[in-house]
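Examination of the molecular architecture
Residue-level listing of the chains:
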Amino acid sequence: MPLDNGQREALGRLLERERSRLAARLQRFSAQRDDVEVGGFSQHMAEDASALTERETAYLLASEEGRRLVAVDQALDRLLHSPESFGVCEHCGVEIPYARLEAVPAARSCLECQTGVESRSGW
Ligand SMILES: [Zn+2]
């Protein structure tokens with residue numbers, strides 16, 4: 001069953017919280033992101049149309065927490081811009097169970113594919 005609005009909103013809040021947490025540790029981004037927290041979920045979603053720049057992404061990918069922040073940011077971006085693809089495994093196309101999304105809101109693939117991806121080299 002596709003996610004309903006309430007579930008998407010709940011996941012959006014989880015992602016927001018996760019991003020704040022990660023951003024607080026990556027100081028460079030905490031200052032820049034603080035102001036968008038104020039208006040709450042929907043306003044933030046509307047204004048945050050611009051995802052990270054390539055340079056920011058490259059910088060973030062250099063650290064584990066940065067990688068997670070990028071994943072969270074991309075998940076928020078999908079949630080906003082292509083909600084139909086959010087929560088769908090990008091490898092096999094099955095809907096990712098909501099319980100998994102609650103645990104890992106930035107998940108891009110189902111558990112089976114994720115396990116496959118992690119055991120493959122180069123990912
Ligand atoms: Zn899958």
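Residues numbered from 1 in each chain as written. Predicted model: local features only at pLDDT ≥ 70, side-chain atom pairs only at ≥ 80, totals over all residues. Heavy atoms only, no water.

**What about the coordination of the zinc ion?**
Selection rule: In this description, a donor is an N, O or S atom within 2.8 Å of the metal centre, a cutoff extended to 3.2 Å for sodium, potassium and calcium. Water is not part of the atom list, which can make sites seem incomplete. In short, tetrahedral needs four donors with all angles between 85 and 135 degrees, square planar needs four and octahedral six donors with opposite donors over 155 degrees apart and all other angles between 65 and 115, and whatever is left is irregular. Counting from the N terminus, the helices are DSSP H or I runs at least four residues long and the strands are E runs at least two residues long. For every residue, the accessible area obtained with a 1.4 Å probe (protein chains only) is divided by the maximum for its type, and the residue is called buried under 20%, exposed over 50%, and partly exposed between those limits.
Distances from the zinc ion to its protein donors, Cys 89 (SG), Cys 92 (SG), Cys 110 (SG) and Cys 113 (SG), fall within 2.2 to 2.3 Å. Metal-centred angles of 105 to 116° between the four donor atoms at the zinc ion mark the site as tetrahedral. Taken in sequence order, the residues that donate to the zinc ion follow the motif C-x2-C-x17-C-x2-C. Of this pair, Cys 92 sits in the loop between helix H5 (64-81) and helix H6 (98-103) while Cys 113 sits in helix H7 (residues 111-119); the two residues are 21 residues apart in sequence, bridging distant segments of the chain. For Cys 92, a relative accessible area of 41% puts it in the partly exposed group.

**So, the side chain of Arg 78**
Convention followed: Here Asp and Glu are counted as negative and Lys and Arg as positive; His is not counted, and neither are the chain ends. Every case where a carboxyl oxygen of Asp or Glu lies within 4 Å of a side-chain nitrogen of Lys or Arg is listed as a salt bridge.
Its location among the elements puts Arg 78 in helix H5. Buried and without a salt bridge, Arg 78 has Glu 90 as its closest oppositely charged side chain, separated by 5.7 Å.

**Re the confidence of the model for the protein**
Where we set the bar: Note on scores: pLDDT gives the predictor's confidence for each residue, bounded by 0 and 100. Two residues qualify as a contact provided that any one of their heavy atoms is within 4.5 Å of a heavy atom in the partner residue.
Mean pLDDT over the protein stands at 81; residues scoring 70 or higher make up 74%. Looking at the elements of the protein, mean pLDDT is at its lowest for helix H3 (residues 40-47), recorded as 44, and at its highest for H6, recorded as 95. The model gives residues 33-49 a pLDDT under 50, and that stretch makes 24 contacts with residues more than four places away or in other chains.

**Regarding the nonpolar core**
We apply this condition: Take the buried residues of types Ala, Val, Leu, Ile, Met, Phe, Trp, Tyr and Cys, join any two whose side-chain atoms come within 4.5 Å, and each joined set is a nonpolar core.
One finds Leu 15, Leu 60, Val 72, Phe 86 and Leu 101 to be the most contacted residues of the largest nonpolar core, which totals 21 residues. Elements represented by at least two residues in this core include exactly helix H1 (5-25) and H5. Broken down by element, the residue count for this core peaks at six residues, all from H5.

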